[in-house]
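Next come the chains, spelled out residue by residue.
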Amino acid sequence: MEGAGVRLHRAFGYSEIPLFDPFLMLDDFRANRPEDYLAGFPWHPHRGIETVTYLLEGRVEHGDSMGHSGNVTAGGVQWMTAGSGIIHQEMPKPVNGSMGGFQLWVNLPKKNKMMDPRYQELGADEIPRVAPKEGVTIIVISGTIAGITGPVQDIIAEPEFFDITLGPDLAFSHTVRSGYGAAAYVIGGTGSFDRHLNEEVGDRTMLLFGEAGTSVEVHAGHEGVRFLYFSGKPLREPIAWGGPIVMNTKDELRQAFAEYRDGTFLRKTG
Ligand code: FE2
């Protein structure tokens, strides 16, 4: 349970540090019952990280201390750099009875933790799809694949973030950039991955790949498979994580919470 009482599935998080570096957490908030998400995530602070909201269905109404407000819509993405600090709320709402999506947290390195907050927010129609071969569809949110570069750019972790669908029994491979970490999260169908090519996994399976120039191999099962693929440059820095704030030291964390209590948390408000 997170926020004001949102029931979600955490694919990885605090207990996996530092395996997914530079990624900190992936929450899957696909839900069928409105009572599992309508309480939402009322006003809360963030500092030292970026949060990436990728929505499949419904909408997430949001507002923040920068005076920014709007909706993340189905198929859209919001890449929010909290940097020195932002206070916001995120409220999932159904559209035609459905709501579901994901939130990925990306850590910021020490030298960027106190950068100015910023947003990159895109609708489904602004995010390119590429079909490198028949039956393979890749939604390119960030990074470059099959000659297409995603619209989310200039992110510190130099991430790749793709939503990949393979038709029945199709194979796919992608090279992990040398020195980067890579992971995949299955969101539909079944498939087999990498060294476990004789083991089929399905929805909500989290996979972590080895580093350094290796290639990720995926074989879709008879119904095809859909997965989120993400990779980024590991920071290899100490992590002090307190709820929505992630710094390098416990002192920085204490200071952030003290500032939040005193009303001096925000460095930039618009
Ligand atoms: Fe948040």
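Residues numbered from 1 in each chain as written. Predicted model: local features only at pLDDT ≥ 70, side-chain atom pairs only at ≥ 80, totals over all residues. Heavy atoms only, no water.

*Asks:* What should I look at first to understand the sheet that holds strand 6 (residues 69-73) in this one?
*Replies:* Pairing between the strands of a sheet is mediated by backbone hydrogen bonds and can be parallel or antiparallel. Read from one edge to the other, the open sheet built from four strands follows the order 3-8-5-6, with strand pairing classed as antiparallel. Two strands in the sheet have a free side with no partner beyond their single neighbour: strand 3 (41-46) and strand 6. Taking each pair of neighbouring strands and ignoring which way they run, the sheet shows an average axis angle of 25 degrees. (Pairing = 2+ DSSP bridges. Helix = DSSP H or I, 4+ residues; strand = E, 2+ residues; numbered from the N terminus. Axes fitted to C-alpha atoms, helices over the stretch in contact; angles between N-to-C directions.)

*Asks:* Help me out: how do you make sense of the packing of aromatic side chains in this one?
*Replies:* For any two aromatic rings, the description comes down to two numbers: the centre-to-centre distance and the angle of the planes. Considering all chains together, one arrives at 13 aromatic pairs under this definition. Measuring from ring centre to ring centre gives 4.9 Å for Phe-23 and Phe-230, while their planes differ by 75 degrees; the resulting arrangement is edge-to-face. A residue pair is termed long-range when its members are at least 10 positions apart, and Phe-23 in strand 2 (residues 23-28) and Phe-230 in strand 20 (residues 215-232) qualify at 207 residues. Note on accessibility: Phe-23 and Phe-230 belong to one class, buried. Seen from their ring centres, Phe-162 and Tyr-229 are 5.9 Å apart, and the 10 degrees between their planes marks the pair as stacked. (Phe/Tyr/Trp six-rings, centres within 6.5 Å; stacked < 30°, edge-to-face > 60°. Buried < 20%, exposed > 50% of the residue type's maximum accessible area, 1.4 Å probe, protein only.)

*Asks:* Would you take a moment to explain the pattern of salt bridges for this structure?
*Replies:* Between side chains of opposite charge, a pair can form when the charged atoms approach closely. Applying the stated criterion across every chain yields a total of 15 salt bridges. Here Arg-10 and Glu-2 are joined by a salt bridge, their closest N and O atoms 3.3 Å apart. Assessed through its relative accessible area of 34%, Arg-10 is described here as partly exposed. One salt bridge in this structure joins Arg-226 and Asp-163, with 2.6 Å as the shortest N-O distance. Here Asp-163 lies in strand 15 (residues 160-166) and Arg-226 lies in strand 20, a separation of 63 residues in the sequence. (Salt bridge = Lys/Arg side-chain N within 4 Å of Asp/Glu carboxyl O.)

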